[in-house]
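# Breakdown of the fold
Chain residues, written in single-letter form:
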Amino acid sequence: MTDVLGFALPQYGPSARADIVRFAAAAEQMGADSLWVGDRLIAPVDPSVGYAGSDTIPEQFRTGFDPFIALALAAAVTERVALGASVLVAPWYAPAVLARQLTALDVASGGRLRPGFGIGWSPEEFAAAGAPFRRRGAQLDEMLDALDAIWTTNPASHDGEHWTLPPSWIDLKPEQSPRPPIYLSAMTPASLKRVGERADGWLPVALVPGFVMPDVLTMQRQTIDEAARAAGRDPADIDTVVRINVSEGATPDDVAEAVRVLADGGYDNVFVDLMYVAADTDDYLRWAQRLLEG
């Protein structure tokens, strides 16, 4: 059906308790190429900003499994699949703490980590994390600088506006050299430009049903490619992995058709998030098997 097909782990909703291990092992055995997590901290009762343009927060986010532990569990029971984050909210984390967690995951998985970062959108979550909501893009840029220093130099140091790391010996480095590939979510011109200037991959989103438009992705990708060339980089070195969010009421055939449309449009590396349509882990696995066999 497509060259690379992965799935979000059952990290949210009724399956987000004990079945991440079972799903990860079974999905790899069925032929999945990648497994992914997201990053939700709380589900505010009265959000000042809702999810995806709405004024509410999905009920599924009321039950959420820690993304780092979810990836560790998946790493322990798989051998081949890539393990990604789409996305971690970078400003919530001190760089040294984040680097330690991600380094451990990359080492434990034998170099299969694909960390993706974003700037978040919920003021309440930032308050709960103790992080400033303003200038989130600048915080992400500084986080990337700090991670690069920690992962590629020793002793490592960073002196920035938001975080400081005194010169320190950090001998444990990622399995991947010089570091894991960094993916970024992006939709606005400024964020797309950031991908072109400094990321190894881009994480756009499609919605089934409703928004599966390769032409729109290609227009956004042009901004990335132009920024890459301006920065002296080869756009071909920047990967794209499309997240397909499946809404309630969609069928496996709808998702299979979306995967085909994206592949025909040049986007043949995708992963599918089933949290809104799968009732339990068995249902997750039925959907995964149907799509992998398609």
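Right above here is the structure, for reference.
Attention here is on the structure that accompanies the text. (Residues numbered from 1 in each chain as written. Predicted model: local features only at pLDDT ≥ 70, side-chain atom pairs only at ≥ 80, totals over all residues. Heavy atoms only, no water.)

With that out of the way, let us pick up the overall build of the protein. Of regular secondary structure, the protein possesses nine helices and 14 strands. Against the compact-globule benchmark of 19 Å for 294 residues, the protein has a radius of gyration of 18 Å, which places it among compact chains. For the protein, the C-alpha atoms occupy an extent of roughly 55 × 40 × 40 Å along the three principal directions. Restricting the contact set of the protein to residue pairs at least 6 apart, pairs at least 24 apart contribute 73%. Taken as a whole, the protein presents about 13,100 Å² of accessible surface, with 51% of it coming from carbon and sulfur. Counting 23 positive and 40 negative side-chain charges, the protein places the averaged centre of each group 3 Å from the other. (Helix = DSSP H or I, 4+ residues; strand = E, 2+ residues; numbered from the N terminus. Rg over C-alpha atoms; globule rule 2.2 N^0.38 Å. Contact = heavy atoms within 4.5 Å. Areas by Shrake-Rupley, 256 points an atom, 1.4 Å probe, with all protein chains shown as cover. Lys, Arg positive; Asp, Glu negative; His and termini not counted. Charge placed at Lys NZ, Arg CZ, Asp CG, Glu CD.)

Burial along strand 7 (residues 156-159) is one-sided: Ala156 and His158 are buried, while Ser157 and Asp159, pointing the other way, are not. As judged from the three bridges shared by strand 7 and strand 8 (residues 164-168), these two strands associate in the antiparallel manner. In the strand pairing of strand 8, Asp159 is matched with Thr164. Between the antiparallel neighbours strand 7 and strand 8 lie four residues. (Buried < 20%, exposed > 50% of the residue type's maximum accessible area, 1.4 Å probe, protein only. Pairing = 2+ DSSP bridges.)

Right, let's get into the environment of Ala108. Within the secondary structure, Ala108 is located in helix 3 (residues 95-108). The spacing of Ala108 and Ala227 is 119 residues in sequence and 34 Å in space, taken between C-alpha atoms.

Cis peptide bonds are those with omega within 30 degrees of zero, and the linkage from Ser177 to Pro178 qualifies with 5°. Relative to the elements of secondary structure, Pro178 occurs in the loop between strand 8 and strand 9 (183-184). Here the bond from Val208 into Pro209 is cis, since omega is -5°, no more than 30 degrees from zero. Among the structural elements, Pro209 can be located in the loop between strand 11 (205-208) and helix 7 (214-230). A positive phi is found at Ala52, a non-glycine position, where the angle reads about 55°. One can find Ala52 in the loop between strand 2 (34-37) and helix 2 (67-76). Accessibility expressed as a relative area gives 70% for Ala52, which makes it exposed. Its identity as a non-glycine residue notwithstanding, Arg135 has a phi of 55°, on the positive side. Mapped onto the secondary structure, Arg135 falls in the loop between helix 4 (123-129) and helix 5 (136-152).

The subject of this paragraph is the sheet that holds strand 2. An order of 5-3-2-1-14-13-11 is seen for the seven strands of this open sheet, with the pairing classed as parallel. The open sheet has two edge strands, strand 5 (113-114) and strand 11, and neither has a second partner. Two strands pair when backbone bridges link them, and strand 3 (residues 82-85) and strand 5 are joined in this way by two bridges, in the parallel orientation. Note on strand 5: the bridge partner recorded for Leu83 is Leu113.

If you trace the five strands from one edge of the open sheet to the other, you get 4-6-9-10-12, paired in parallel fashion. Of all strands in the sheet, those with a lone pairing partner are strand 4 (88-89) and strand 12 (239-240), marking the two edges. With two bridges joining them, strand 10 (residues 201-202) and strand 12 adopt parallel strand pairing. Bridged to Trp202 within strand 12 is Thr240.

Taken as a whole, helix 6 (residues 189-198) has its buried residues at Ser191, Leu192, Arg194, Val195 and Gly196. On its buried face, helix 6 is in contact with helix 5, strand 9, strand 10 and helix 7.

We now examine the packing of aromatic side chains. The tally for this structure, following the rule as stated, stands at ten aromatic pairs. Ring geometry for Phe7 against Phe23: centres 6.5 Å apart, planes inclined by 85°, an arrangement best described as edge-to-face. A residue pair is termed long-range when its members are at least 10 positions apart, and Phe7 in strand 1 (residues 4-8) and Phe23 in helix 1 (residues 20-30) qualify at 16 residues. For the pair formed by Phe7 and Phe23, the shared burial category is buried. Judged by centre distance (5.2 Å) and plane angle (70°), the ring pair of Tyr12 and Phe61 falls under edge-to-face. Of the two residues, Tyr12 is situated in the loop between strand 1 and helix 1 and Phe61 in the loop between strand 2 and helix 2; the sequence distance between them amounts to 49 residues. The burial state of Tyr12 is the same as that of Phe61; both residues are buried. Among the aromatic side chains, those forming a connected cluster through ring pairs are Phe68, Trp92, Tyr93, Phe126 and Phe133. A cation over an aromatic ring shows up here: Arg40 above the ring of Phe61, its NZ or CZ 5.8 Å from the ring centre. Lying over the aromatic face of Phe133, Arg136 brings its terminal NZ or CZ to 4.0 Å of the ring centre. (Phe/Tyr/Trp six-rings, centres within 6.5 Å; stacked < 30°, edge-to-face > 60°. Lys NZ or Arg CZ within 6 Å of the ring centre and 35° of its normal.)

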